[in-house]
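# Structure assessment
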Amino acid sequence: MKKNFAVRGGSGDVIEPKVSTRPQDNIYLAVNSEWIEKTKIPSDRSRMASFDGIDVNVEKHLMQDFADFATGKKEIPAIPNLAEAVKLYQLASDFDKRNREGAEPIKADLNILTGIKDFSDFNLTAPDLTTFASLPFGFDVEPDMKNTKVNVLYFAGPGTFLPDTTTYQTADAPKLLAILQQQSVKLLQMAGIAEDEAQKYAAAAIKFDAKLAKVVKSSEEWADYPATYNPMAIADFEDKFSEFKIQYYLKEVIGEEPERIIVEEPRYLDHINEIINKDNFAEIKGWMIVNFINGAASDLSQEFREAAFPFSQALSGQPKLAEGNKQAYHIANGSFSEVVGVYYGKEYFGADAKKDVEDMIQRMLDVYKDRLQQNSWLSAETKKKAIIKLEALELKIGYPDKIEEIYNRLKVIPASQGGSLYSNERAFAVAEQKYNIEQLHQKVDRTVWAMPGNLVNACYDPQRNDLTFPAAILQAPFYDLKQDRATNFGGIGTVIAHEVSHAFDNNGAQFDELGNMTNWWTEADYAEFKKRTQEEIDLFDGIEYGPVKLNGKQIVSENIADQGGLTAAVEAAKNENDDLKKLFENFARIWANKQLTESIKTQTAVDVHAPGPLRANVQIQCQDDFYKVFAVTPEDGMWLDPDKRVDIW
């Protein structure tokens, strides 16, 4: 008789630490229970995980550097536009000025919004609103998924107040929306709006948001990347609008009516006239005003910052608002992310580490190529094309050699010349929109990085077929030159192979070596791939994690990448006769996580990743070598029957 019935994710509750846990029952708890017990979540955060632990250190170093740059204690290096980032930091950290100004910096824009008289007026002013206010639609210029050499215009609906459309079906929804409504009324009154007017705007905003939530995409739907590609002739697109003057808007904002457009949310477009019409005008106006005041509050005084915190706090559980100096750093980093990332990479990322990581990446690619060649379920034709795609991968390690042009356009107007934090951020939004629209007739720049060097993350871009490994993630527990190779394989090795696997996940598999969305599979191979993808969905679907159940379809692409990443890392370690015990232990370690309940609810509603503890345990359960190394038997909690183990890559 089994002591522990076999479960996905091991026996016990992965949220609750238990130091005496055996790895055979729950390797995540066996490795991380002591860490979970000792770790405290900072008061201005809602969780602490391995990623967050590194981020705290990165943040600490860069906050000190910016403080020293601002006071002259440290000379600003000759990195393009870093001096502008420091100027913005100085504006953001001057709370005496911010507190004196109060709502003054936003009053002109707020008056524009409150002064919109009717739907006809909204039609006329919409092009002018787009750089500082939320509109119930959005346009963006990005590479064409089916011809990634050129850029094209994309259309999508807006976001909702709550994290996801599914959040509106939860018991928490009315309470969360009530907090937002009350918060918005207070902020508007602080900005000089009479209470009855503020109440009217906030109530209208909640009504309009409810209509949006019924037709915009859910996180699960957004996770299907190819489904966002729905090209339309511009004439057909414009014919969808009966009351909003879309032709006028496009000519004013884009400067033209392009021949075609890619619709990311077809359902939203089909319902566009039910959303944007004269009968809904008061609700649209209230929704724009509420979005504006809640967004702008963070650029104003400390009083405004605090008044805008309750809704965020309710969503995350975060006990306290971040200190002003920390916010100042994050504002500068947010506007000049690539610039700060290049500084971080040059200052803190060593050449020896980069060389070693490049070697590990090449080993992972070699392992992947071999596994594709030896694959038992792909035809020779599909294998050949998969290897072509693998060999075409572009690698971006550490930080970029050049900084994107947009940063040359972000010029800070200091306080001495009348600049405020809000006015500068608003000017940046104008410059960024102009730059984005200019790309419509520019050749796609494939050298652009998707992530800055100081971000603790990594990614695969299917439209550029490239891998990005920022400098910040290339440190312990993921990577350390002083760690043995098996431990590094369990950390950064699995991350590297995870990103490679995204080239062959349910989304990436539909793009070729040039990043074009095209079918390079035989019909039989793709049918088998879809079958295995469904097995990955089923593997995670419905697993309980604290107060939530996982949606296997929403997180499938990341789970496919985790499966392929861990499998390739194990293979690489075996090729070098490394200690697989250390590999599995460090794979469990990098997913260590301690998180507030409210944050769990919000994250799982929108995130395409499974929670870290389950990424560790469930993927390890699918590795046959784990059972051999730890002598796991059917009586142990980590046992998963062989026919339930998922193997794709």
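This structure is a prediction, so every number in the text was calculated from the model and none was measured.

A few words now on the packing of helix H23 (residues 523-540) against helix H24 (residues 556-575). Each packed pair of helices is defined by two parameters, the angle between the axes and the distance between the axes. Look at H23 against H24: their axes get within 9 Å of each other, and the N-to-C directions meet at 100°. As far as their axial angle goes, H24 and H23 are roughly perpendicular. On the side of H23, the interface is formed by Thr533, Glu536, Ile537 and Phe540, while H24 contributes Val556, Asn559, Ile560 and Gln563. Here the residues of the contact of H23 with H24 are counted per class, giving 4 nonpolar, 3 polar and 1 charged.

Turning our attention to the sheet that holds strand E5 (residues 260-263). Strands sit in the order E2-E3-E5-E4 across an open sheet of 4 strands; the sheet is mixed. Edge positions in the sheet fall to strand E2 (138-144) and strand E4 (231-233), since each has one partner strand and no second. Each strand of the sheet is rotated relative to its neighbour by a mean of 40°, with strand direction disregarded. With 3 bridges joining them, E4 and E5 adopt antiparallel strand pairing. By the bridge assignment for E5, Ala233 is matched with Arg260.

This next bit is on the packing of aromatic side chains. Inspection of the entire model under this criterion finds 42 aromatic pairs. Considering the side-chain rings of Phe137 and Phe139, the 5.8 Å spacing of their centres and the 70° angle between planes classify their relative orientation as edge-to-face. The same class applies to Phe137 as to Phe139, namely buried. When the ring of Tyr368 is compared with that of Phe504, the centres are 6.1 Å apart and the planes differ by 15°; the resulting orientation is stacked. Here the residue Tyr368 occupies a position in helix H19 (residues 351-374), and Phe504 occupies one in the loop between helix H22 (485-502) and H23, the gap between them amounting to 136 residues. Judged on exposure class, the residue Tyr368 and its partner Phe504 are both buried.

Turning our attention to the side chain of Glu265. Among the structural elements, Glu265 can be located in the loop between E5 and helix H12 (266-270). No salt bridge is formed by the buried Glu265; its nearest oppositely charged neighbour, Arg267, is found at 5.7 Å.

Let's shift gears to the packing of helix H7 (residues 173-190) against helix H8 (residues 195-213). The contact between H7 and H8 brings their axes to 9 Å, and the two run at 145°. Crossing angle aside, the handedness with which H7 passes H8 is right-handed. Of the residues in H8, those in contact with Leu177, Leu180, Gln181, Ser184, Val185, Leu188 and Gln189 of H7 are Glu195, Ala198, Gln199, Tyr201, Ala202, Ala203, Ile206 and Asp209. Across the contact of H7 with H8, the residue classes tally to 9 nonpolar, 4 polar and 2 charged.

Before going further, it helps to spend a moment on the sheet that holds strand E6 (residues 394-398). One open sheet accounts for 3 strands, arranged E6-E8-E7; its pairing is mixed. Of all the strands in the sheet, the pair left with one neighbour each is E6 and strand E7 (459-461). The mean inter-strand angle of the sheet, taken between neighbouring strand axes irrespective of direction, is 15°. Bridge count between E6 and strand E8 (residues 466-470): 5 bridges; the pairing is parallel.

This part is about the pairing of strand E3 (residues 147-156). For E3, the tally of buried residues reaches 7 of 10 residues, placing the bulk of the element in the interior. Counted along the chain from E2 to the antiparallel partner E3, the turn is 2 residues long. Taken together, the 2 bridges between E3 and E5 define a ladder with parallel strand orientation. Within the sheet, the bridge partner assigned to Phe155 lies in E5 and is Val263.

Turning our attention to the nonpolar core. By size, the foremost hydrophobic cluster in this structure holds 119 residues, and its most contacted members are Phe336, Phe584 and Trp649. Ranked by residues supplied to this core, first place goes to H19 with 9 residues. Setting aside its immediate chain neighbours within four residues, Phe336 contacts Asn81, Glu84, Ala85, Leu88, Tyr407, Leu410, Val412 and Phe428. Counting residues in hydrophobic clusters, the runner-up holds 74 residues, among them Leu129, Val141, Ala191 and Ile284.

All right, on to the pairing of E2 then. Regular strands have side chains that alternate between both faces of the sheet. Bridge count for E2 against E3 is 7 bridges, and the pairing is antiparallel. Looking across to E3, one finds that Val141 is bridged to Leu153.

With 24 residues, H19 should reach 34 Å at 1.5 Å per residue; the first-to-last C-alpha distance of 35 Å fits that figure. Contacts made by the buried residues of H19 are with helix H20 (380-391), E6, E8, H22 and H24.

One can find Gly491 in helix H22. If we ignore the near neighbours within four places in the chain, the residues touching Gly491 are Pro477, Phe478, Asn586 and Ile590.

Here is what the cut-offs are and how they apply
- Residues numbered from 1 in each chain as written.
- Predicted model: local features only at pLDDT ≥ 70, side-chain atom pairs only at ≥ 80, totals over all residues.
- Heavy atoms only, no water.
- Axes fitted to C-alpha atoms, helices over the stretch in contact; angles between N-to-C directions.
- Helix = DSSP H or I, 4+ residues; strand = E, 2+ residues; numbered from the N terminus.
- Parallel < 35°, antiparallel > 145°, perpendicular 65-115°, else oblique.
- Contact = heavy atoms within 4.5 Å.
- Nonpolar A, V, L, I, M, F, W, Y, C, P; charged D, E, K, R; others polar.
- Pairing = 2+ DSSP bridges.
- Phe/Tyr/Trp six-rings, centres within 6.5 Å; stacked < 30°, edge-to-face > 60°.
- Buried < 20%, exposed > 50% of the residue type's maximum accessible area, 1.4 Å probe, protein only.
- Lys, Arg positive; Asp, Glu negative; His and termini not counted.
- Salt bridge = Lys/Arg side-chain N within 4 Å of Asp/Glu carboxyl O.
- Left-handed = near helix turned anticlockwise from the far one by under 90°.
- Core = buried A, V, L, I, M, F, W, Y, C linked by side-chain atoms within 4.5 Å.
- Expected span 1.5 Å × (residues − 1).

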